[in-house]
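Next come the chains, spelled out residue by residue.
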2 protein chains.
Amino acid sequence: MQTRTARLMDGTALARRVVEETSVRAAEITRRTGVTPCLATVLVGEDPASVTYVRMKRARCAKAGIDSRLVSLPAATTTAELVGTLRTLSQDPAVHGILLQHPVGPHIDERAAFEAIAPEKDVDGVTMSSFASMSFGRPGFASCTPGGIMRLLDAYDVELTGRRAVVVGRSAILGKPVGMLLLARDATVTYCHSRTADLAAAVREADVVVAAVGRPRLIRGEDIRPGAVVIDAGYNAGNVGDVDFDTARTRAGLITPVPGGVGPMTIAVLLEQTVDAASAQLGLATR
Amino acid sequence: MQTRTARLMDGTALARRVVEETSVRAAEITRRTGVTPCLATVLVGEDPASVTYVRMKRARCAKAGIDSRLVSLPAATTTAELVGTLRTLSQDPAVHGILLQHPVGPHIDERAAFEAIAPEKDVDGVTMSSFASMSFGRPGFASCTPGGIMRLLDAYDVELTGRRAVVVGRSAILGKPVGMLLLARDATVTYCHSRTADLAAAVREADVVVAAVGRPRLIRGEDIRPGAVVIDAGYNAGNVGDVDFDTARTRAGLITPVPGGVGPMTIAVLLEQTVDAASAQLGLATR
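Where an unreviewed UniProt entry is consulted, chain A appears under the name Bifunctional protein FolD, with the organism given as Streptomyces antibioticus. Under the UniProt heading Pathway (unreviewed entry), the entry covering chain A gives this text: "One-carbon metabolism; tetrahydrofolate interconversion." Quoted straight from UniProt, the Function (unreviewed entry) entry for chain A says "Catalyzes the oxidation of 5,10-methylenetetrahydrofolate to 5,10-methenyltetrahydrofolate and then the hydrolysis of 5,10-methenyltetrahydrofolate to 10-formyltetrahydrofolate."

## Describing the overall build of chain A
In terms of helices and strands, chain A carries 10 helices and nine strands. For chain A, the C-alpha radius of gyration of 19 Å lies close to 19 Å, the compact-globule estimate for 287 residues. If you line up chain A on its principal axes, its C-alpha atoms span 60 × 40 × 35 Å. The 287 residues of chain A split such that 55% are buried. In chain A, of all internal contacts separated by at least 6 residues, the share reaching a separation of at least 24 is 70%. Working note: accessible area of chain A is about 11,900 Å², and carbon and sulfur atoms make up 52% of it.

## A look at the domain arrangement of chain A
With domains assigned, chain A is organised as domain 1 (33-123) and domain 2 (144-263). Of note, the centres of domain 1 of chain A and domain 2 of chain A, computed from C-alpha atoms alone, are 28 Å apart.

## A word on the UniProt feature "domain: Tetrahydrofolate dehydrogenase/cyclohydrolase catalytic" (unreviewed entry) in chain A
The UniProt record marks residues 9-124 of chain A with the feature "domain: Tetrahydrofolate dehydrogenase/cyclohydrolase catalytic" (unreviewed entry), using the residue numbering of this structure. Taken end to end, residues 9-124 of chain A comprises 50% helix and 16% strand; its first and last C-alpha atoms sit 23 Å apart.

## Some remarks on the interface of chain B and chain A
The interface is formed by 31 residues belonging to chain B together with 31 residues belonging to chain A. Summed over the three residues of chain B that lose the most area to chain A, namely M128(B), F136(B) and L183(B), the buried surface amounts to 22% of that side. Summed over the shared surface of chain B and chain A, the result is six salt bridges. There are 15 residue pairs in polar contact (both at pLDDT 80 or more) connecting chain B and chain A. Contributing elements (two or more residues each) for the side of chain B that touches chain A: helix 5 (128-136), helix 7 (175-184) and strand 6 (188-192) of chain B. Tallying contributions element by element places helix 5 of chain B first for the side of chain B that touches chain A, with seven residues. In terms of residue class, the side of chain B that touches chain A is made up of 13 nonpolar, nine polar and nine charged. Direction of pairing for strand 6 (residues 188-192) of chain A relative to strand 6 of chain B: antiparallel, over a ladder of three bridges. Its bridge partner lying in strand 6 of chain B, T190(A) is registered against T190(B).

## Overview of the side chain of T188(B)
Residue placement: T188(B) occurs in strand 6. Of note is the side chain of T188(B), whose polar atom sits 2.8 Å from the side chain of T196(A). If we skip the residues at most four places from it in the chain, T188(B) touches T190(A), Y191(A), C192(A), H193(A), T196(A), A197(A), G162(B), R163(B), R164(B) and A165(B).

## As for the pattern of salt bridges
A side chain of one charge can pair with a side chain of the opposite charge when the charged atoms of the two come close. In total, this model carries 30 salt bridges over all chains according to the counting rule given. R195(A) is the salt-bridge partner of D186(B), the closest N and O atoms lying 3.6 Å from each other. In this pair, D186(B) sits in the loop between helix 7 and strand 6 while R195(A) sits in the loop between strand 6 and helix 8 (199-204), so the two residues belong to two different chains. Residue class for D186(B) comes out buried when judged on its relative accessible area of 16%. For R195(A), a relative accessible area of 43% translates into the label partly exposed.

## Re unusual backbone geometry
For residues that are not glycine, phi is negative in most cases, and the peptide bond is trans in most cases. Of note, the bond from V258(A) into P259(A) is cis; its omega dihedral lies within 30 degrees of zero at 0°. Among the secondary structure elements, P259(A) is positioned in the loop between strand 9 (254-255) and helix 10 (262-281). With an omega of 0°, the peptide bond between H102(B) and P103(B) qualifies as cis. You can see P103(B) is positioned in the loop between strand 4 (97-100) and helix 4 (110-115). With phi around 75°, D186(A) is a residue other than glycine that occupies positive phi space.

## Things to note about the side chain of S135(B)
With respect to the helices and strands, the residue S135(B) is situated in helix 5. Excluding residues within four positions of it along the chain, S135(B) makes contact with F131(A), K176(A) and M180(B).

## Some thoughts on the relation of the copies chain B and chain A
Once turned by 180° and shifted 0.0 Å along the axis, chain B lies on chain A with an RMSD of 0.0 Å. Here the symmetry operator amounts to a two-fold rotation axis. Residue T190(B) of chain B places its C-alpha closer to the rotation axis than any other residue of that unit, at 2.0 Å. Both copies present the same face, since 100% of the interface residues in chain B are matched by interface residues at the equivalent positions in chain A.

Rules behind the numbers
Residues numbered from 1 in each chain as written. Chains lettered and ligands numbered in written order. Predicted model: local features only at pLDDT ≥ 70, side-chain atom pairs only at ≥ 80, totals over all residues. Heavy atoms only, no water. UniProt positions renumbered as here; feature names shortened; annotations may be inferred. Helix = DSSP H or I, 4+ residues; strand = E, 2+ residues; numbered from the N terminus. Rg over C-alpha atoms; globule rule 2.2 N^0.38 Å. Buried < 20%, exposed > 50% of the residue type's maximum accessible area, 1.4 Å probe, protein only. Contact = heavy atoms within 4.5 Å. Areas by Shrake-Rupley, 256 points an atom, 1.4 Å probe, with all protein chains shown as cover. Domains from an automatic or database assignment. Buried area = accessible area lost by both parts, 1.4 Å probe. Salt bridge = Lys/Arg side-chain N within 4 Å of Asp/Glu carboxyl O. Polar contact = N/O pair within 3.5 Å; in protein donor to acceptor, adjacent residues only side chain to side chain. Nonpolar A, V, L, I, M, F, W, Y, C, P; charged D, E, K, R; others polar. Pairing = 2+ DSSP bridges. Least-squares fit on C-alpha atoms with pLDDT ≥ 70 in both.

Written as structure tokens, this is what we have:
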């Protein structure tokens, strides 16, 4: 039996290019208007992983010439207080994009909080309005990870029209929107999830697999169709993805490594959409 | 070979029950508040099929004790004028539900028109807000045909959890939302459409097929898995559905006839949601 080795989809390199281009655009906005694009990041509590993510995002903003404003709220913040904070930021003309760091704690109605973000500042693509825009092919911001996945697919010239795409996971900001974006590109899209009776059978049919469920090595390498494109958006302890990478790479045509695949694209799209938002709000031509 | 004959899913009978219950609720609202639930129907132009649909819907309203207001606009109405009309109706406290009869003519931005309908009056479930609500399992109105299909499935005790559902068609008010409603009920959902490479293969895997594409007999009976549930939301000339009924019924477990399956449910859900809207707007307890 012939053993193939899949080509790796280099999210780190693609993200670097996206961020470089974004930095140039940010500098140009600052030069032309005197206003620097600004992302407000709202953090509730002190979950160590969330603190780390927020620090990393702010560092990336700084490097790209984007201002960031950190709003740190105590863990005991109520839904009403959080909604109030997000509404104020939505109305603040100095803030162009808003990111609410997930998770916010079980006592908070996260959906109510997300919906307090004005759609034109929803650069993380978490509002129902953004979801509907992605679903209907209307102008609006993509959820960052789905947006990053589509950029990766395009960068590697993956044909989507008529191909079978299987999305494993149905979260509001990852599985559901990436399926809708794939459908908008004329893929035949199947949503699988925890209640799917025969996940392996569905994966075996897929020309494109998007794993977005957060369960280490849930998807077995031997179920990957030879030559398929494997996008692993899982991020589990120990840098393990949702796909059994070692086996999958012997069958796939293209595969994202974990780390270095989808992850870097998420933040690149966040920065890019922050600059898009600033550009639109400052009355400059959009891309 | 054994020939089975599928049980028919009687949409006419189920719709009658739904409308009867709705009539009782409408009368109770009128008795308690002095206000009769009111559906405003907006018709642009004089397309004969649209005129017939609107007349039929108004007759059903009258029979159910729901007032209807017809707003007939000339074919040359602009998007801005139509948006203005729909915004005015959205603010009119005497109107509880709004239906914009489709299609509105190619010179009108139909999406812009739909979005002028206030979500709380969107009893036809056409706004992006309603779509996102269906997708995320939030309170809101269903698109009427998808809502009617879910009622039919429930009335016949069709198990959805873990079953493979194949939706053929991806329109904004039928295919996309019915897929999201099936996903919310834990089905494994595949969206097929005009660009799907091998429709027959996808249909052959389906425990539940929803045909929602408007192409006569596109789905061949021999591709129906034995015992599958077949929902035909197609409505083509000559009362022909999207499924080849005669062959499909020899294989399916349950099947909707055309006419008398999905069609009657659409209008029943429209009436029911109009009463739901009136109830909420008049401050009465919702179901």
